Amino acid sequence: MKLCIDHADISKIRHIYEFYPADGVSTNPSILAKTGRPPYEVLKEIRAFIGTDAELFVQAVSGKAETMAEEAHRIVRELGDTTLVKIPCTPEGFKAMKQLKKEGIRFIGTAIYTAMQGYLAAKCGAEYVAPYINRIDNMGFDGIQVAKDIHDAIKGSGLDSGLLAASFKNSQQVLELTKYGVKAVTAAPDIIEVLVKNAAIDAAIDQFTADFYELAGEGRTMADC
Ligand code: G3P
């Protein structure tokens, strides 16, 4: 499963890349807006850091198929062909997806709240489809179940697509989909950090260190004792 960072702040992206096995970066217009900077300036900075092999996800914002397709071409021209354009799963979005598929532009279906949106985007040729787990939960439905339904529908239909599950509030949501074998998840840096945040882990490591200092002397390690 790929683990992507749902953020645009380069210092946070650098931090997650330093400590965790990150595979790419996803953004959306709200995430870009939080930087307060010109979008392509921010995105080029991220691209330069993650390299040309890693996938970068960038959303088209216009509501019409033709202009979304124009945005998609500009996004790929500016940021390279490992950039996947996020297209909202609306009727206009599906129309744009069909065109982009013919034109060889890579894209994903986003803003997914229902299983059928995900299935149709996969059928249009989306490499990934992005259900919004926590936002679905907040509407009183089961985000994990929607994601699993989409995963099953894609696999059951033999479509060449997979999930880029998004919108997480806690590590349990990420774990549930990791166990289910989804293609990718994207989570904010604070959620990625909380995946392994546990007082019991810290206490165990502290005890190991204290015991070793007792044996070999304060500050000693296996490299210098
Ligand atoms: O791009 C979609 C995803 O980032 C939404 O996450 O946390 O705003 O619900 P959130």
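Further up the page is the structure itself.
Below is a short write-up of the structure. (Residues numbered from 1 in each chain as written. Predicted model: local features only at pLDDT ≥ 70, side-chain atom pairs only at ≥ 80, totals over all residues. Heavy atoms only, no water.)

Before going further, it helps to spend a moment on the nonpolar core. Judged by nonpolar contacts, the single largest core of 58 residues is most densely connected at Ile46, Val85, Ile87, Met97, Val129, Phe168 and Leu177. Considering each element in turn, this core owes the most residues, seven residues, to helix α4 (residues 65–79). With near-sequence residues (within four places) excluded, Val129 lies in contact with Gly109, Ile112, Gly118, Ala121, Ala122, Ile150, Ile154, Ser161, Gly162, Leu163, Leu164 and Ala165. Core analysis: the next-biggest nonpolar cluster, separate from the first, contains eight residues, Phe57, Leu84, Ala130 and Leu164 among them. (Core = buried A, V, L, I, M, F, W, Y, C linked by side-chain atoms within 4.5 Å. Buried < 20%, exposed > 50% of the residue type's maximum accessible area, 1.4 Å probe, protein only. Helix = DSSP H or I, 4+ residues; strand = E, 2+ residues; numbered from the N terminus. Contact = heavy atoms within 4.5 Å.)

Taken as a whole and assessed by the stated rule, the structure comprises zero disulfides. Unpaired in terms of disulfides, Cys124 finds its nearest cysteine sulfur in Cys89, a separation of 8.1 Å. (Disulfide = S-S within 2.5 Å.)

Every residue lining the ligand is accounted for by Asp6, Asn28, Lys86, Tyr132, Arg135 and Ser167. One of the side-chain nitrogen or oxygen atoms of Asp6 is found 2.3 Å away from an oxygen atom of the ligand. The separation between an oxygen atom of the ligand and a polar side-chain atom of Asn28 is 2.9 Å. Isolated, the ligand exposes 310 Å² of accessible area, and the fraction of that covered by the protein chains is 75%. (Near = heavy atom within 4 Å. Polar contact = N/O pair within 3.5 Å; in protein donor to acceptor, adjacent residues only side chain to side chain. Areas by Shrake-Rupley, 256 points an atom, 1.4 Å probe, with all protein chains shown as cover.)

This model, assessed by the stated rule, comprises three aromatic pairs. For the pair Tyr17 and Phe49, a centre-to-centre distance of 5.4 Å together with 80° between the ring planes defines the contact as edge-to-face. Pair noted here: Tyr17 is in helix α1 (residues 10–19) and Phe49 is in helix α3 (residues 39–50), with a separation of 32 residues, a long-range link. Take Tyr17: its relative accessible area is 22%, and that puts it in the partly exposed class. Ring centres of Tyr113 and Tyr132 lie 5.6 Å apart, and the angle between their planes is 70°; on these two criteria the pair is classed as edge-to-face. Taken together, the positions of Tyr113 in the loop between β5 (107–112) and α6 (115–123) and Tyr132 in the loop between β6 (128–131) and α7 (133–138) put the pair 19 residues apart, joining distant regions of the chain. Residue classification places Tyr113 among the partly exposed residues on the basis of a relative accessible area of 28%. (Phe/Tyr/Trp six-rings, centres within 6.5 Å; stacked < 30°, edge-to-face > 60°.)

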